[in-house]
Amino acid sequence: IRPAAARPRALSGRYLRQSPTMPGLVLCSSAVRARQTLALLGLDPAVAVLVEDALYGARVASMVNRLRMVDDAVGTVLLIGHNPDISELAQLLATDDVDVPDFPTGALADLLLPVLSWADVAPGTAVVRAFVTPRHLS
């Protein structure tokens, strides 16, 4: 038996594990709930994980700057953060013709950034490949 709050995050973890694209790097806020989310995702232990204090309470501009610092050898990043800023980040990065909804607990947005370098991450350029909530996964 799992607490009800754990269920949405566990469903998201199952979705990620079944996805053809696993993250090469996880950037996770140091907040307890963010670290609990990370644990409930059940990702492969080989995935590099950085738990960072700077992501706790980070505003959108700070998250964009953090993404711009990712090593170009990393192909995919999973960012575990907090609302409303994580929703605002997805909305900022998505192309203008897409409205990314607010993130309920356990939601995932799969964004494709058409950049050659993480340093080139820019607002309004990401293609939203999927937006998944635990309700879609149950």
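The structure reproduced in this document is the subject of the present report. (Residues numbered from 1 in each chain as written. Predicted model: local features only at pLDDT ≥ 70, side-chain atom pairs only at ≥ 80, totals over all residues. Heavy atoms only, no water.)

So, the packing of aromatic side chains
Okay, so step 1: Counting across every chain of the model gives one aromatic pair.
Okay, so step 2: Pairing F103 with F131 gives two aromatic rings, centres 5.2 Å apart and planes at 70°, and the pair type is edge-to-face. Here the residue F103 occupies a position in the loop between α4 (85-93) and β4 (108-112), and F131 occupies one in strand β5 (residues 127-132), the gap between them amounting to 28 residues. (Phe/Tyr/Trp six-rings, centres within 6.5 Å; stacked < 30°, edge-to-face > 60°. Helix = DSSP H or I, 4+ residues; strand = E, 2+ residues; numbered from the N terminus.)

A few points about the layout of surface pockets
Okay, so step 1: There is about 1,200 Å³ of room inside the largest pocket.
Okay, so step 2: The wall of the largest pocket is formed by 47 residues, among which V77, L78, L79, L108 and A109 lie closest to the centre.
Okay, so step 3: Among the residues forming the lining of the largest pocket, the class breakdown is 30 nonpolar, twelve polar and five charged. (1 Å grid on protein atoms, 1.4 Å probe; cavity = no way out; pocket = protein on both sides within 12 Å on 5 of 7 lines; lining within 4 Å. Points joined across faces, edges and corners; volume = space filled by probe spheres on them. Nonpolar A, V, L, I, M, F, W, Y, C, P; charged D, E, K, R; others polar.)

Topic: the side chain of R66
Okay, so step 1: With respect to the helices and strands, the residue R66 is situated in helix α3 (residues 60-68).
Okay, so step 2: Non-local contacts of R66, meaning those with residues more than four positions away in its chain, are made with L27, L50, E52 and L55. (Contact = heavy atoms within 4.5 Å.)

Comments concerning the pattern of salt bridges
Okay, so step 1: With the rule as written, the count across this model stands at three salt bridges.
Okay, so step 2: A salt bridge links D85 to R59; the shortest N-O distance between them is 3.1 Å. With D85 in helix α4 and R59 in the loop between β2 (48-52) and α3, this residue pair connects regions lying 26 residues apart in the sequence. (Salt bridge = Lys/Arg side-chain N within 4 Å of Asp/Glu carboxyl O.)

Looking at the sheet that holds strand β3 (residues 77-80)
Whether parallel or antiparallel, the strands of a sheet pair through hydrogen bonds between backbone atoms.
Okay, so step 1: If you trace the three strands from one edge of the open sheet to the other, you get β2-β1-β3, paired in parallel fashion. Sheet topology places β2 and β3 at the edges, where each strand pairs with a single neighbour. With direction set aside, neighbouring strand axes in the sheet form an average angle of 15°.
Okay, so step 2: Relative to β3, strand β1 (residues 25-29) runs parallel, the two sharing four bridges. Along β3, the bridge assignment pairs L25 with V77.
Okay, so step 3: Lying over the sheet, helix α2 (residues 32-41) contacts β1, β2 and β3, oriented at roughly 145° with respect to β1. (Pairing = 2+ DSSP bridges. Axes fitted to C-alpha atoms, helices over the stretch in contact; angles between N-to-C directions.)

Some thoughts on the pairing of β2
On any regular strand, side chains alternate: one points to one face of the sheet, the next to the other face.
Okay, so step 1: Sheet topology note: the β1/β2 ladder contains five bridges and is parallel. Residue pairing for β2: L27 is matched across the bridge by L50.
Okay, so step 2: Remark: the β1/α2/β2 crossover connection has right-handed handedness. (Right-handed = clockwise from strand over helix to strand, strands pointing away.)

A short note on α4
Okay, so step 1: All buried positions along α4 are accounted for by D85, I86, S87, L89, A90 and L93.
Okay, so step 2: Residues of α4 that are buried in the fold lie against α3, β3 and β4. (Buried < 20%, exposed > 50% of the residue type's maximum accessible area, 1.4 Å probe, protein only.)

Quick look at unusual backbone geometry
Okay, so step 1: Here the bond from N83 into P84 is cis, since omega is 10°, no more than 30 degrees from zero.
Okay, so step 2: Within the secondary structure layout, P84 lies in the loop between β3 and α4.

Regarding the nonpolar core
Okay, so step 1: Counting residues in hydrophobic clusters, the biggest one holds 25 residues, and the most contacted among them are L27, M63, V77, L89 and W118.
Okay, so step 2: If you list the elements that add at least two residues to this core, you get β1, α3, β3 and α4.
Okay, so step 3: In contact with M63, other than residues within four places in its own chain, are L55, A58, L79, D85, I86 and L89.
Okay, so step 4: Judged by nonpolar contacts, the second largest core, of twelve residues, contains L38, V47, I80 and L108. (Core = buried A, V, L, I, M, F, W, Y, C linked by side-chain atoms within 4.5 Å.)

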